[in-house]
Amino acid sequence: MEMVNFIFVFGIIASGVFYFVFKTRQFRTSPMFPIRKKMYASMAGTALGALLIFFGVNQLLIFDGALTYIVSAIFILFGGYVAIFNFNAQKHYKQFVAEERELNKADVN
């Protein structure tokens, strides 16, 4: 049980780090690349959804009780929704990043 808890805590920490990395990339990306900024925002949202899922499952393992099951279910369902929505948005924006780079390369010259 302790090893499973360690895995979920590692998932929580890793998701938080990825969220921070992608949010930083979003803010540091030039305003000339709005699609890339949206892609990084959706990647950060996917990491946030994973964090919510890992947190909800971890709470199920640690605590016992009806209220814990209700709150954990809310975290898991909301995290799943956030992760799936942002993953689909990330796939959508990713296909336009190369085109955006080529368009902005032509504008600079």
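Residues numbered from 1 in each chain as written. Predicted model: local features only at pLDDT ≥ 70, side-chain atom pairs only at ≥ 80, totals over all residues. Heavy atoms only, no water.

**Regarding the overall build of the protein chain**
Point 1. When you go through the protein chain residue by residue, the secondary structure sums to three helices and zero strands.
Point 2. Ordered by position in the sequence, the α and β elements of the protein chain form the string α-α-α.
Point 3. Taken over C-alpha atoms, the radius of gyration comes to 18 Å for the protein chain, far larger than the 13 Å a tight globule of 109 residues would show.
Point 4. The principal-axis extent of the C-alpha atoms belonging to the protein chain is close to 65 × 20 × 15 Å.
Point 5. In the protein chain, buried positions account for 31% of the 109 residues.
Point 6. Accessible surface, the protein chain as shown: approximately 7,400 Å² in total, 72% of it carbon and sulfur.
Point 7. Between the averaged position of the 10 positive side-chain charges in the protein chain and that of its 6 negative side-chain charges there is a distance of 6 Å. (Helix = DSSP H or I, 4+ residues; strand = E, 2+ residues; numbered from the N terminus. Rg over C-alpha atoms; globule rule 2.2 N^0.38 Å. Buried < 20%, exposed > 50% of the residue type's maximum accessible area, 1.4 Å probe, protein only. Areas by Shrake-Rupley, 256 points an atom, 1.4 Å probe, with all protein chains shown as cover. Lys, Arg positive; Asp, Glu negative; His and termini not counted. Charge placed at Lys NZ, Arg CZ, Asp CG, Glu CD.)

**Considerations on the environment of A98**
Point 1. Following the sequence through the fold, A98 ends up in helix α3 (residues 66–108).
Point 2. For A98, a relative accessible area of 39% gives the class partly exposed.
Point 3. Considering only alpha carbons, one finds A98 and I13, 85 residues apart in sequence, at a separation of 31 Å.

**So, the pattern of salt bridges**
Two side chains that carry opposite charge are able to pair once their charged atoms sit near each other.
Point 1. Throughout the structure, instances matching the rule amount to one salt bridge.
Point 2. K105 is the partner of E102 in a salt bridge, and the nearest nitrogen-oxygen pair spans 3.7 Å. Remark: K105 and E102 occur in helix α3; sequence separation between them is three residues, near one turn of the helix. (Salt bridge = Lys/Arg side-chain N within 4 Å of Asp/Glu carboxyl O.)

**Some remarks on the side chain of T29**
Point 1. The topology assignment puts T29 in the loop between α1 (2–28) and α2 (34–62).
Point 2. Within the local environment of T29, its side chain forms a polar contact with the backbone oxygen of R25, the two atoms lying 2.5 Å apart.
Point 3. Discounting residues that sit within four places of it in the chain, T29 has contacts with R36, K37 and Y40. (Polar contact = N/O pair within 3.5 Å; in protein donor to acceptor, adjacent residues only side chain to side chain. Contact = heavy atoms within 4.5 Å.)

**Things to note about the packing of aromatic side chains**
Point 1. As enumerated under the stated definition, the model contains four aromatic pairs in all.
Point 2. Taking 6.2 Å as the distance between ring centres and 20° as the angle between the ring planes, the aromatic pair formed by F18 and F22 counts as stacked. Note that F18 and F22 are positioned in helix α1 at a spacing of four residues, about one turn of the helix.
Point 3. A residue is classified by how much of its surface remains accessible, and F22, at 14% relative accessible area, is buried.
Point 4. Each ring, one from Y81 and one from F85, has its centre 6.1 Å from the other, and the planes form 25°; the classification is stacked. (Phe/Tyr/Trp six-rings, centres within 6.5 Å; stacked < 30°, edge-to-face > 60°.)

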